[in-house]
Amino acid sequence: MSEVSSKSFSCEGCGAKLVSCLFCFDCSSLQSISEESDYFSALGISSEFDVDPDLLEEKFQHIASELHPDFYLNSTPQEKRLSERASTLLNQAYDTLKDPFKRADYLMSLKCKNVKWNDRVLPPTFLQEMFTLQEELDEMLENQDQQGLLKMREVLENRFQDLESGLLPSFRMLDSVEEPETVLEKLQMNLNAERYLRRLLDRIKIEETT
Amino acid sequence: MSETIIGIDLGTTNSLAALVNEDGPEIIGPPEDPCMIPSLLSRNGSRWLVGEEAREHLIASPANSVYSVKRLMGRGFEELEEEIRELPYQVEEAQRKLVKIRIGEESFTPQELSSVILSRIKQKAETHLEKPFEKAVITVPAYFDDAQRQATRDAGKIAGLDVVRIINEPTAAAIAYGLDEKKQGYVAVYDLGGGTFDISILELKGKLFKVVATHGDTRLGGDDIDRVLVNLFQKSLLEQYPDLDLEDPSCRQVLRKTAEEVKIALSSSIETEYTLELPDKGISHKRILTAEELNLLLEPLLKRTFESCSKALSDAGLKKSDIEEVVLVGGSTLVPAVRKGVEAFFGRAPHVAIDPYKVVAIGAAIQGHLLAGGRRDFLLLDVVPLALGIETLGGTFSKVITANTSLPAEESEVFTTHVDQQTSIEINIYQGERELVQDCRSLGQFKLRGIPPMKAGFPLVEVSFKVDSNGLLTVSAFEKRSGTEAQIEVIPSHGLTQMEIDAIMEASFEHAVDDFNRRQLIEFQQSAERVFKGIELNWKVAEEVLSENQRLSIRKQMDVVKQTMTTDDAQILKAELDNLGDLTRPLADSAMGRAVLEELQQQNP
Amino acid sequence: MAYSDKVIDHYNEPRNVGSFDKNDDAVGTGLVGAPECGDVMKLQIKVENDQIVDAKFKTFGCGSAIASSSLATEWVKGKSIDEAMSIQNTEIVEELSLPPVKIHCSVLAEDAIKAAISDYKSRNNSETAEG
């Protein structure tokens with residue numbers, strides 16, 4: 001079982017069980033936003049890494065079509081405010097959960113609230129490699145080496161993909177082991193490495209668009 | 001029946017209003033008199049000529065006439081330097097680097113001038129709809145920054161409109177197009193208007209219209225095409241008349257007007273002959289321009305639009321081949337070179353079924369209909385066009401909300417003090433995509449006050465940036481250690497403060513009384529002309545049915561009316577006109593005169 | 001934002017950018033990274049008789065990270081190894097008036113100093129042991 005089980009919410013008005021913690025589809029009412037409202041409960045999906053993109057999209061559309069401020073123009077100021085806030089949260093939830101890297105990062109923050117481990121962990125010699133790559137990138141940018149840049153981008157993107165595809169098995173394992181610390185550390189290592197790679201990719205992308 | 005929320009496209013060259021009625025969305029007013037006016041203004045004494053009636057004044061009295069005011073909205077004096085040089089009217093620096101347009105002894109903010117156009121649109125729409133309304137959706141270019149959006153909203157406010165939503169022009173077009181065609185997938189909207197260029201990429205999925213990326217250039221449009229032509233004319237004139245003063249306002253207006261004509265002519269033919277008439281200089285300069293030559297001249301402009309398109313595609317993580325359809329919006333897309341360029345860039349023929357002039361207003365009206373509760377079968381999700389952030393470290397720009405974040409959005413950042421017992425912090429807010437604040441737009445300075453005195457670095461002031469569904473930014477602050485709300489004082493860099501808006505509205509209310517009198521005066525003058533015409537037409541009848549005395553009284557009263565027509569008191573004119581009506585009643589009562597006079601009375605109740 | 005002039009100065013004109021030969025026995029190299037943002041920082045010291053006589057750095061990261069490492073190299077120069085070891089990130093925060101969101105940059109600079117010193121020590125201790 002998942003460490004963070006999907007929370008259950010009921011409507012403040014009619015008491016019905018909620019699909020999304022932001023809105024009651026039974027009595028069509030906006031719900032107030034509590035500390036308990038996380039991105040998964042906002043979208044009404046269970047808090048695990050394995051998210052079906054189609055389901056995510058469907059849920060988002062379904063809930064957004066009820067929450068959006070466009071439908072509350074003539075409502076009370078309080079409802080208007082609530083609709084803006086709920087829509088903001090829903091947008092953030094959707095943007096975070098549709099991206100595997102952000103989703104993993106967010107899920108880690110939920111799972112690791114009370115776990116202590118080395119959060120700066122990286123694969124061996126990784127930092128040296130990143131430093132060398134940054135230096136090479138500097139050189140390519142200076143020499144306007146477009147082919148070099150293109151190649152580096154491809155290499156980095158492939159590594160990024162590799163790291164990302166390792167996330168799902170790790171998260172699955174996390175749910176089945178007794179002592180999750182080692183798996184968490186491995187996950188954290190992948191996420192940390194992804195951030196360094198992302199930084200390099202961003203530099204290349206900025207160059208491409210200017 | 002839901003309430004009325006109209007859609008207004010406040011354009012650089014044309015402004016128009018649309019509404020959804022039983023037959024669907026359409027431009028307000030009958031086809032022969034649609035609620036659509038050129039965005040032109042001319043000051044005539046203490047009143048405004050707006051739209052078509054201002055057109056001839058552009059050349060006759062260029063210093064008193066204003067066009068393309070949209071290009072000045074929400075902009076600062078310094079950044080407009082280049083554009084101001086091109087304008088025949090006088091733009092001066094006002095408080096806080098704002099701009100004002102000087103006309104004679106008066107000066108006006110761009111917001112006020114836009115509000116005059118909006119008022120006229122409102123008035124025209126009210127006449128056609130035969131009821132007053134206040135609520136409107138106004139469109140802006142997608143790439144308008146916060147200051148430009150605020151300025152547009154303020155213009156609406158000054159015009160007495162309740163601007164319930166500001167939506168992006170390409171998005172409005174996509175709504176009109178998407179609902180019309182029931183299209184799904186990725187759609188690119190290429191919007192080249194009079195003064196601005198936008199590219200928006202939307203994902204149409206189920207009932208959702210989701211903007212995934214947007215880019216643009218708020219200083220690129222049909223005006224620039226005209227400018228390219230004006231430069232060409234100037235060169236050609238100088239070759240023949242090296243000493244000619246091209247800076248002369250009326251000369252500039254002639255060149256601009258000819259440029260527009262040449263552009264339109266070359267939209268439908270491969271070459272055109274034009275003549276630059278400068279009668280006061282004794283010049284009549286005749287030349288030929290081919291469409292081919294125009295294409296070459298336009299290449300650099302088009303290249304800039306395609307750079308924006310590439311950026312938007314890359315932001316969306318899409319390839320050109322992912323785009324299902326390219327929709328053209330804006331009058332400038334009627335130029336064949338633009339169409340060919342777009343086709344070559346995207347590798348597919350663009351969609352041109354909906355009138356590119358009207359599609360934005362139509363989309364805004366549909367959105368207005370949804371907001372009024374008239375339908376809920378689609379939902380528009382737009383994005384932040386340009387990153388919002390703060391100045392940090394040596395003038396670098398630190399993004400708080402990145403571009404293309406879905407609206408509404410919120411992010412926060414924590415600040416602290418640098419000196420012991422410091423109770424206020426100043427934060428400079430910027431919007432843009434560049435790394436240094438000097439290359440971004442300054443939106444204003446926020447002063448956080450009321451921070452409890454503590455040791456330096458100890459307070460944790462959480463500053464929240466909220467962007468609402470209109471794309472408008474609000475900032476709030478909260479000191480986390482003490483739990484106190486910090487007060488924020490906003491000093492807009494390029495906008496008006498609430499006090500300034502109030503002052504303008506108060507002044508415009510006084511003017512409104514005056515304007516009302518003038519409008520009535522014009523109406524009564526026109527009625528009088530019609531009544532005179534009717535009397536002359538029926539004079540033969542009058543000679544038969546009225547006594548000589550009666551006829552004499554009518555003639556006398558006609559003179560009185562003529563006299564009062566030259567004064568400027570509408571009420572007196574009305575009274576005299578009524579007197580004339582009384583005198584002509586026996587004529588109207590006669591069988592022969594009745595038909596004619598009845599008709600006249602209907603026109604003049 | 002009222003950033004101190006010092007930080008702007010260090011950002012605009014970073015001091016001591018460059019590198020030493022890392023195989024030189026008198027040189028200690030510290031390489032650290034900030035996984036929060038992907039910044040990488042290399043800081044090197046040159047030591048003579050337990051005194052740091054020179055320092056160089058190269059940082060790939062934001063302005064605050066660059067300013068922090070630039071300041072760190074200035075500070076360690078002329079200090080003894082032990083003195084340099086005692087530099088705290090909070091001193092860097094104070095000197096540069098870094099905002100809370102950028103405090104990790106100063107942590108990075110402190111870590112880099114410590115890593116460089118420990119590299120120098122380990123290299124020289126093992127040398128002495130061998131020799």
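Note that this is a predicted model, so its numbers are computed, not measured.

Chemist: I'd like a rundown of the domain arrangement of chain A, residues and numbers included.
Modeler: Per the domain assignment, the segments of chain A are domain 1 (23–98) and domain 2 (126–209). Summarising the inter-unit geometry, the C-alpha centres of domain 1 of chain A and domain 2 of chain A are found 32 Å apart.

Chemist: Can you lay out the sheet that holds strand 2 (residues 39–48) of chain C for me, pointing to particular residues and giving the numbers?
Modeler: To summarise the sheet geometry, strands pair through backbone hydrogen bonds and adopt either a parallel or an antiparallel arrangement. Pairing is antiparallel in the open sheet, where three strands are placed in the order 1-2-3 (chain C). At either end of the open sheet lies a strand with only one pairing partner, and these are strand 1 (27–34) and strand 3 (51–60) of chain C. In this sheet, neighbouring strand axes are inclined to one another by 15 degrees on average, regardless of whether the strands run parallel or antiparallel. Bridge count between strand 2 of chain C and strand 3 of chain C: nine bridges; the pairing is antiparallel. By the bridge assignment for strand 3 of chain C, Met41 of chain C is matched with Thr59 of chain C. Packed on one face of the sheet, helix 5 (residues 126–143) of chain A meets strand 1, strand 2 and strand 3 of chain C and runs near 70 degrees to strand 3 of chain C.

Chemist: So what about the sheet that holds strand 15 (residues 208–217) of chain B? Which residues, and what values?
Modeler: All names here are of chain B. If you walk across this open sheet you meet the five strands as 18-13-14-15-19, and the pairing is mixed. Bordering the open sheet on either side are strand 18 (323–329) and strand 19 (379–381), each of which pairs with just one other strand. Neighbour-to-neighbour, the strand axes of this sheet turn through a mean angle of 25 degrees, independent of strand direction. Of the strands in this sheet, strand 13 (185–192), strand 14 (197–205), strand 15 and strand 18 touch helix 8 (residues 291–316), which is tilted by about 140 degrees from strand 15.

Chemist: Residue-level account of the interface of chain A and chain B, with values.
Modeler: Counting residues at the interface gives 22 residues for chain A, matched by 30 residues for chain B. Interface of chain A and chain B: buried area, both sides summed, is about 2,100 Å²; carbon and sulfur atoms make up 52% of it. Of all residues in chain A, Asp70, Phe71 and Leu73 of chain A give up the largest surface area on contact with chain B, accounting jointly for 28% of the area buried on that side. For the interface between chain A and chain B, the tally reads three salt bridges. When the shortest N-O distance is used, the salt bridge between Glu66 of chain A and Arg376 of chain B registers 3.5 Å.

Chemist: Lay out the environment of Met108 of chain A with the relevant residues and their values.
Modeler: Residues and elements named next belong to chain A. Following the sequence through the fold, Met108 ends up in helix 4 (residues 100–111). With a relative accessible area of 3%, Met108 lands in the buried category. Sequence-wise, Met108 and Leu187 are 79 residues apart; in three dimensions their C-alpha atoms are separated by 8.4 Å.

Chemist: Requested: an account of the packing of helix 6 (residues 222–240) of chain B against helix 7 (residues 249–265) of chain B, with residues and values cited.
Modeler: Residues and elements named next belong to chain B. Where helix 6 meets helix 7, the axes come as close as 8 Å, and the angle between the chain directions of the two elements is 115 degrees. It follows from the interaxial angle that helix 6 and helix 7 lie roughly perpendicular. Crossing angle aside, the handedness with which helix 6 passes helix 7 is right-handed. Here Gly222, Ile225, Asp226, Leu229, Val230, Phe233, Gln234 and Leu237 of helix 6 come into contact with helix 7, specifically with Leu255, Arg256, Thr258, Ala259, Glu260, Val262 and Lys263. Of the residues that constitute the contact of helix 6 with helix 7, the class distribution is eight nonpolar, three polar and four charged.

What counts as what
- Residues numbered from 1 in each chain as written.
- Chains lettered and ligands numbered in written order.
- Predicted model: local features only at pLDDT ≥ 70, side-chain atom pairs only at ≥ 80, totals over all residues.
- Heavy atoms only, no water.
- Domains from an automatic or database assignment.
- Pairing = 2+ DSSP bridges.
- Helix = DSSP H or I, 4+ residues; strand = E, 2+ residues; numbered from the N terminus.
- Axes fitted to C-alpha atoms, helices over the stretch in contact; angles between N-to-C directions.
- Contact = heavy atoms within 4.5 Å.
- Buried area = accessible area lost by both parts, 1.4 Å probe.
- Salt bridge = Lys/Arg side-chain N within 4 Å of Asp/Glu carboxyl O.
- Buried < 20%, exposed > 50% of the residue type's maximum accessible area, 1.4 Å probe, protein only.
- Parallel < 35°, antiparallel > 145°, perpendicular 65-115°, else oblique.
- Left-handed = near helix turned anticlockwise from the far one by under 90°.
- Nonpolar A, V, L, I, M, F, W, Y, C, P; charged D, E, K, R; others polar.

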